[in-house]
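Listed below are the residues making up each chain.
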Amino acid sequence: SAQIKPLVAGNWKMNGLKANQSEFYKMIAGISEDLADQVDAMICAPATLLATLADKAGNGAMSVGGQDCHAAVSGAHTGDISAEMLADAGARAVIVGHSERRTDHGEGDEDVNAKAQAAWRAGLIAIICVGETEAERKAGQAIDVVARQLDGSVPDGATAANTVIAYEPVWAIGTGLTPTAGDVEEMHKAMRDNLEARFASEGAAMRLLYGGSVKPGNARELMAVANVDGALVGGASLKADDFLGILDAYS
Ligand code: PEP
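Not measured: the values here are computed from a predicted model.

Contact pair helix H6 (residues 109-121) / helix H8 (residues 142-153): the axes reach a minimum separation of 8 Å and the direction vectors enclose 45 degrees. By the angle class used here, H6 and H8 are oblique. Residues Asp109, Glu110, Val112, Asn113 and Ala116 of H6 form the contact with H8, whose participating residues are Gln149, Gly152 and Ser153. In terms of residue class, the contact of H6 with H8 is built from two nonpolar, four polar and two charged.

As structure tokens, this is what we get:
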């Protein structure tokens, strides 16, 4: 969709010490004004680094996001982080429903839905992740599974401004495997139809990211697929050269 400004969001997961801040600064330095006009770039950093990185992101070439949030504003939830805390640290967005949260922490669509609403409450963009397992794809259920996740995880009130959808086939995350461009196109078209049916023009304008083993070598092909409005990038977002190589798909 030509009028949608794409987003390339990195997900550092549980990686990144103070020493790794320099990669973030290299990314900022590597994003020209021309490139920043073409694509939004973001790093979803560990909470421990958010405030520092956000302070350095001031020139607008990059923004920072969180990787998960609790649904509540505050309270007796030891170890959890609220969307308000992420916003307070300078985050602009938060990933919710990543498959590692769904698997490692047993989060279901209802939890993800509540977290997306928490993100909005705090003024953050919710980056809502969906995606089928390998077994579901082999059984021919990928489209149905993702439709069910969208229905359950995306709250009423989603707009193109407050929500980004990330399609991340679980079997493609961190494996080096990617779906064919044709499979990505089919899924993204199905997601677009689903979101347009529910959110009309907002669904038509919502950014739909592809995620799963995006690298500099495959970014151009994947980013050229219809209804792919950017990428969610794990491993290749840890190094500035790789991340900038992916952004290069938009140069
Ligand atoms: C992710 O987990 O969001 C992801 C896309 O990981 P990777 O790029 O490492 O496959």
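Mapped onto this numbering, the UniProt entry gives "binding site: substrate" (unreviewed entry) at Asn11, Trp12, Lys13, Gly174, Ser213, Gly234 and Gly235. Separation in sequence by 225 residues is not matched in space for these annotated residues, since their most distant C-alpha atoms are only 14.0 Å apart. Mapped onto the elements, Trp12 comes out in the loop between strand E1 (7-11) and helix H1 (21-30). Residue Trp12 is classed as buried on the basis of its 22 C-beta neighbours within 10 Å. Ignoring sequence-local partners within four residues, the contact set of Trp12 consists of Ile43, Cys44, Ala45, Pro46, Ser237 and Leu238.

What follows deals with the sheet that holds strand E7 (residues 207-211). Spatial ordering of the closed barrel is given by E1-E2-E3-E4-E5-E6-E7-E8, a layout of eight strands whose pairing is parallel. If you compare each strand with its neighbour and ignore which way they point, the axes differ by 25 degrees on average. Relative to strand E4 (residues 93-96), strand E3 (residues 63-66) runs parallel, the two sharing two bridges. When the bridges of E4 are listed, Gly65 appears paired with Ala93. Relative to the sheet, helix H3 (residues 47-56) contacts strand E2 (40-44) and E3, its axis offset from that of E3 by approximately 160 degrees.

Conventions adopted
- Residues numbered from 1 in each chain as written.
- Predicted model: local features only at pLDDT ≥ 70, side-chain atom pairs only at ≥ 80, totals over all residues.
- Axes fitted to C-alpha atoms, helices over the stretch in contact; angles between N-to-C directions.
- Helix = DSSP H or I, 4+ residues; strand = E, 2+ residues; numbered from the N terminus.
- Parallel < 35°, antiparallel > 145°, perpendicular 65-115°, else oblique.
- Contact = placed C-beta atoms within 7 Å.
- Nonpolar A, V, L, I, M, F, W, Y, C, P; charged D, E, K, R; others polar.
- UniProt positions renumbered as here; feature names shortened; annotations may be inferred.
- Buried ≥ 20, exposed ≤ 12 C-beta atoms within 10 Å, placed from the backbone.
- Pairing = 2+ DSSP bridges.

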